[in-house]
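One letter stands for each residue in the lines below.
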Amino acid sequence: MKTILILGGSTGMGLDTAMRLASRGIGVTIIGRSEDKLQAAGAEIQAAGAPEVNHQTLDLYDQAAVDHFIESINSGETTSFDFLVNSAGSFLPTPFLEHTRENYHQYHDLNAAFF
């Protein structure tokens, strides 16, 4: 069985990707910050036919927690994955001229969390 890790897999594009791959027999692990959203998404993914569904609460802005999760994968404590989808996102509707340096770094930090 092939497996996929989806960052931001409890909503939006990540959830849609999980649903599509689950229906094709791929085991899915989703990452997100909200346990409630992860559980609800996990039930949907399971209903779509995933042979295995797991979820992990993880704040991608907490680099120590991300490093710990990566180490758990590298050490074999957490299952290995065949695929990675980074669909984690942050939506801050702000007029262009009102963005701050902190906004820019927040987007960048989120995208760079697993690299």
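Residues numbered from 1 in each chain as written. Predicted model: local features only at pLDDT ≥ 70, side-chain atom pairs only at ≥ 80, totals over all residues. Heavy atoms only, no water.

Digging into the layout of surface pockets
So, point 1. Estimated volume of the largest pocket: approximately 420 Å³.
So, point 2. Along the walls of the largest pocket sit 22 residues, with Gly8, Thr11, Arg33, Ala88 and Gly89 positioned nearest its centre.
So, point 3. For the lining of the largest pocket, the secondary-structure elements that each account for two or more residues are α1 (12-22), β2 (27-32) and α4 (101-112).
So, point 4. Residue contributions to the lining of the largest pocket peak at 3 residues, all from α1.
So, point 5. By residue class, the composition of the lining of the largest pocket is 8 nonpolar, 11 polar and 3 charged. (1 Å grid on protein atoms, 1.4 Å probe; cavity = no way out; pocket = protein on both sides within 12 Å on 5 of 7 lines; lining within 4 Å. Points joined across faces, edges and corners; volume = space filled by probe spheres on them. Helix = DSSP H or I, 4+ residues; strand = E, 2+ residues; numbered from the N terminus. Nonpolar A, V, L, I, M, F, W, Y, C, P; charged D, E, K, R; others polar.)

A few points about the sheet that holds strand β3 (residues 53-57)
By way of backbone hydrogen bonds, the strands of a sheet pair with one another, either parallel or antiparallel.
So, point 1. Pairing in this open sheet of 4 strands is parallel, and the strands run β3-β2-β1-β4 from one edge to the other. The outermost strands of the open sheet, each flanked by one partner alone, are β3 and β4 (83-86). Between one strand axis and the next, the sheet turns through 15° on average, direction left out of account.
So, point 2. Pairing between strand β1 (residues 3-7) and β4: 4 bridges, direction parallel. The residue of β4 that forms the bridge with leucine 7 is asparagine 86. (Pairing = 2+ DSSP bridges. Axes fitted to C-alpha atoms, helices over the stretch in contact; angles between N-to-C directions.)

Quick notes on the pairing of β2
So, point 1. Most of β2 is tucked away: 6 of the 6 residues are buried.
So, point 2. Neither face of β2 is open: one carries Gly27, Thr29 and Ile31, the other Val28, Ile30 and Gly32, and all of them are buried.
So, point 3. Two strands pair when backbone bridges link them, and β1 and β2 are joined in this way by 5 bridges, in the parallel orientation. Paired with threonine 3 across the bridge in β2 is glycine 27.
So, point 4. After leaving β1, the chain enters α1 and then returns to the sheet as β2, a path that is right-handed.
So, point 5. Sheet topology note: the β2/β3 ladder contains 5 bridges and is parallel. Across the sheet, isoleucine 30 pairs through a bridge with histidine 55, a residue of β3.
So, point 6. This β-α-β element, β2 to helix α2 (residues 35-47) to β3, shows right-handed connectivity. (Buried < 20%, exposed > 50% of the residue type's maximum accessible area, 1.4 Å probe, protein only. Right-handed = clockwise from strand over helix to strand, strands pointing away.)

So far we have only geometry, and geometry alone does not tell us how the molecule works.
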